[in-house]
Amino acid sequence: MSDRMKLLEDDLLERKRISEATRKKRKVNWYLLSPLLFAPALPLIRISLRRYPKIRDRAFKFTLASAFIHGTALLLGVYNNDPNATED
């Protein structure tokens, strides 16, 4: 019984050592949180520029275009800083 306990304990220690060695520092990926900035900006543009329809439409279209360009850049991996990342 003690041999089995010893093997389990060794296995647990080995798993802890491997997980500590492979664990990466967690960071917030701000690029993926950018939709949280674009989403409230669109209604605010519509509301705040209600009296200026030309400016409102241009600002709204510019914001939408920049959001789509940013989303495309995210999908293409432009912001990828991981040198070990491989493309499929």
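Residues numbered from 1 in each chain as written. Predicted model: local features only at pLDDT ≥ 70, side-chain atom pairs only at ≥ 80, totals over all residues. Heavy atoms only, no water.

Peer 1: Looking at this structure, how should I read the overall build of the chain?
Peer 2: Across its full length, the chain carries three helices and zero strands. When the helices and strands of the chain are listed from N to C terminus, the series reads α-α-α. Classification of the 88 residues of the chain by burial places 10% in the buried group. Accessible surface computed for the chain: about 8,600 Å², of which carbon and sulfur atoms make up 61%. (Helix = DSSP H or I, 4+ residues; strand = E, 2+ residues; numbered from the N terminus. Buried < 20%, exposed > 50% of the residue type's maximum accessible area, 1.4 Å probe, protein only. Areas by Shrake-Rupley, 256 points an atom, 1.4 Å probe, with all protein chains shown as cover.)

Peer 1: Looking at this structure, how should I read the packing of aromatic side chains?
Peer 2: Geometry of an aromatic ring pair is reported as the spacing of the ring centres plus the angle between the planes. Taken as a whole and judged by the stated rule, the model has zero aromatic pairs. Its end group placed over the ring of Phe60, Arg46 keeps NZ or CZ at 4.0 Å from the ring centre. (Phe/Tyr/Trp six-rings, centres within 6.5 Å; stacked < 30°, edge-to-face > 60°. Lys NZ or Arg CZ within 6 Å of the ring centre and 35° of its normal.)

Peer 1: Would you mind showing me how to read the pattern of salt bridges here?
Peer 2: Opposite charge on two side chains makes pairing possible when the charged atoms of those side chains draw close. Inspection of the entire model under this criterion finds two salt bridges. In this structure, Arg46 engages Asp57 in a salt bridge whose closest nitrogen and oxygen atoms are separated by 3.3 Å. With Arg46 in helix α2 (residues 35–48) and Asp57 in helix α3 (residues 53–76), the pair connects residues that are eleven residues apart, well separated along the chain. Residue Asp57 is classed as partly exposed on the basis of its relative accessible area, which comes to 29%. Among the ionic pairs, Arg56 bridges to Asp57, the shortest N-O distance being 3.5 Å. Shared partners join several salt bridges into a network, and the residues in it are Arg46, Arg56 and Asp57. (Salt bridge = Lys/Arg side-chain N within 4 Å of Asp/Glu carboxyl O.)

Peer 1: In this structure, what is going on with α3? I would like to understand it.
Peer 2: Each full turn of the α-helix corresponds to 3.6 residues, which orients residues three or four apart in the same direction. Across its 24 residues, α3 extends 34 Å between first and last C-alpha, which sits within 8% of the 34 Å expected from 1.5 Å per residue. Arg56, Phe60, Thr63, His70 and Ala73 are the residues of α3 that are buried. Tucked into the core, α3 has its buried residues touching α2. Taken from the residues just after α3, Gly77 is the one with a positive phi, measuring 85°. (Expected span 1.5 Å × (residues − 1). Contact = heavy atoms within 4.5 Å.)

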